[in-house]
Each structure stands twice: as C-alpha cells, then as structure tokens.
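# A closer look at the structure
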Amino acid sequence: MQTPSICELVSVWEWGLTKHPVQRALKLLTTAFPQTPLDTLAQLSIGQRDAYLLTLRELVFGPKLVSLASCPHCGERLELAFDVADIMVEGMHLLPEPKLQETFSVDVGDCQVQFRLPNSLDIADLVSHNNIADSEQFLLERCVLAVHNHCKQTTDELRADIPSIRDAIVRHMAEVDPQADMQFNLVCPSCNHQWQVLFDILLFFWQEIDAWAYRILREVHTLASAYGWHEADILGMNPHRRQFYLQLITSKN
Ligand SMILES: [Zn+2]
C-alpha cells in the first residue's frame, strides 16, 4: 500500500467533490494500490474495502481518530477518541494486496447456499435504484450465487427459497466479513442512556480530507500571495518548511 502525495490527495478531493461516496472510496484505493485494476478494488467486500481505508487513513493522518456523537435521549454531545487499532478486526490490518473475492457456502436446513459478499459495485447499483424498498433483498439477489436443495430442480424454485433462509445468509455474511459493521457501545455521562453508533470510515475519512484540503489550499493562497510561488511547488514542499514560511508571514504581519 502506497501513501498518496499531498498533490495526489488534493486531486482526489477535487475529483470527489461531485462524486458519490462509493466512487470516492474507490478513487482513494486506486492511489493506495496504483498497480491493482479498478475492477478488483471495486469487487472487494465492504469489510475488506473499509479495512484498507482505515489503514490508508492511518498512513495519511495517523492512528488517532476523534469523532462526535449526540445522546439520542438528552442531546448531550460526546467526544469519541480512539485508535485505528481499536476498530480494526484482528488480522485485517495485515491483509495482503487486494485480490478478487472468494465465494462462500453455508448449510441452512435442507439447502446449501453459495454466496459472495456485497461489494462497492453492488452498493453503487443499489444507490442508482433509489426507490428500492428492500435493500437487503436486493443485495441478496445479487450475492446469492446458487441454492442447492435435493428436492427442487428449477432455478425459480431454488430462488424462491431465499426469503425463508434470508436471516441465516445475512448472519453468515456478517461472520465472514466482520469489518463491514463497525459499531461502538456508548454510555451518556449525563443521563446514563446506552446506545450503539455505526462508524462509517468512508464518511469520516472524507470529512477529514475535505477540511484538510481547504486548509492546505488556504496555505497555498497565503504563500503564493506573499512569495509568488506556483501551487505545485508549494504543495510539493516539505510540510515543516511550508509551516516555517507561513510563520514568517504571520510574524511579519
Ligand atoms: Zn444522555
């Protein structure tokens, strides 16, 4: 995995301003794995994709994460401070280079179900059908590859089994792709209310990139105005040296 340069990250941010979060995720991964075909990255399971995004976030901004949550009972604002390691499922941090995903099999009653895990292409397709009433069923119909049942033969009959064994398939998918569901147990210090919040690494990482890009472009503006340097030269500058010049401008004013 490669750490993107400041110039690359600014370019990804600019490109991603008008894109859907799923496309942003894939663009970020292409900077981290420039040798890996986009199609392979798009077919990573959501858990694998998010593990890579967590690792990339650690490379770009470090291991500490700070987020905010509001108590749904009394509205108290909580600050959540944690490390990437706290939410990374064991072993996911050491994932090898991305490769095409595998298929799985689970026995449910009389049926044997073969399935693959939902990936970014499935989510993108789900988003493009914005009036889907049952998103879980939509994903299952894409991800269940075959249902084997000794008593039934036709494809339609086999497909008709999916709703009755749906919970078992979803449960098994979660077991083999645990990184796809990052949840925190929270307790409100004011009213003791307990609840769970979902941590969305893509949303979190993109908000950080957005704030960082605005800050770095303001710095470019300040330095370019003072010294007449080109944007590419300022972005390519060592961050310590850039801060040094910014401090000189501030102290002069
Ligand atoms: Zn509360």
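Throughout what follows, the structure given in this document is the object of discussion.

Criteria and thresholds
Residues numbered from 1 in each chain as written. Predicted model: local features only at pLDDT ≥ 70, side-chain atom pairs only at ≥ 80, totals over all residues. Heavy atoms only, no water. Axes fitted to C-alpha atoms, helices over the stretch in contact; angles between N-to-C directions. Helix = DSSP H or I, 4+ residues; strand = E, 2+ residues; numbered from the N terminus. Parallel < 35°, antiparallel > 145°, perpendicular 65-115°, else oblique. Left-handed = near helix turned anticlockwise from the far one by under 90°. Contact = heavy atoms within 4.5 Å. Nonpolar A, V, L, I, M, F, W, Y, C, P; charged D, E, K, R; others polar. Donors = N, O, S within 2.8 Å, 3.2 Å for Na, K, Ca; no water. Tetrahedral: all angles 85-135°; square planar, octahedral: opposite > 155°, others 65-115°. Buried < 20%, exposed > 50% of the residue type's maximum accessible area, 1.4 Å probe, protein only. Pairing = 2+ DSSP bridges.

### Some details on the packing of helix 4 (residues 46–61) against helix 10 (residues 201–227)
Viewed as axis vectors pointing N to C, helix 4 and helix 10 meet at an angle of 30°, and their least axial separation amounts to 10 Å. As judged from the angle between their axes, helix 4 and helix 10 are roughly parallel. Seen along the crossing, helix 4 lies across helix 10 with a hand that is left-handed. Contacts between helix 4 and helix 10 involve Arg49, Asp50, Leu53, Leu54, Leu56, Arg57, Val60 and Phe61 from the first element and Ile201, Leu202, Phe204, Phe205, Glu208, Ile209 and Trp212 from the second. Class assignment of the residues belonging to the contact of helix 4 with helix 10 gives a composition of eleven nonpolar, no polar and four charged.

### Focus on the coordination of the zinc ion
For a metal with four tetrahedral donors the ideal donor-metal-donor angle is 109.5 degrees, whereas six octahedral donors ideally subtend 90 or 180 degrees. Only Cys71 (SG), Cys74 (SG), Cys188 (SG) and Cys191 (SG) from the protein coordinate the zinc ion, and they sit 2.3 Å from it. Here the zinc ion binds four donor atoms, and the angle range of 106 to 115° at the metal identifies the geometry as tetrahedral. Mapped onto the polypeptide sequence, the residues donating to the zinc ion form the spacing pattern C-x2-C-x113-C-x2-C. You can call Cys191 partly exposed: its relative accessible area is 28%.

### Describing the pairing of strand 7 (residues 194–198)
Burial along strand 7 is one-sided: Trp195 and Val197 are buried, and none of Gln194, Gln196 and Leu198, which face the opposite way, are. The pairing of strand 6 (residues 183–187) with strand 7 spans five bridges and is antiparallel. Bridge pairing in strand 7 links Asn185 to Gln196. Between strand 6 and the antiparallel strand that follows it, strand 7, lie six residues; Asn192 among them carries a positive phi value of about 65°.

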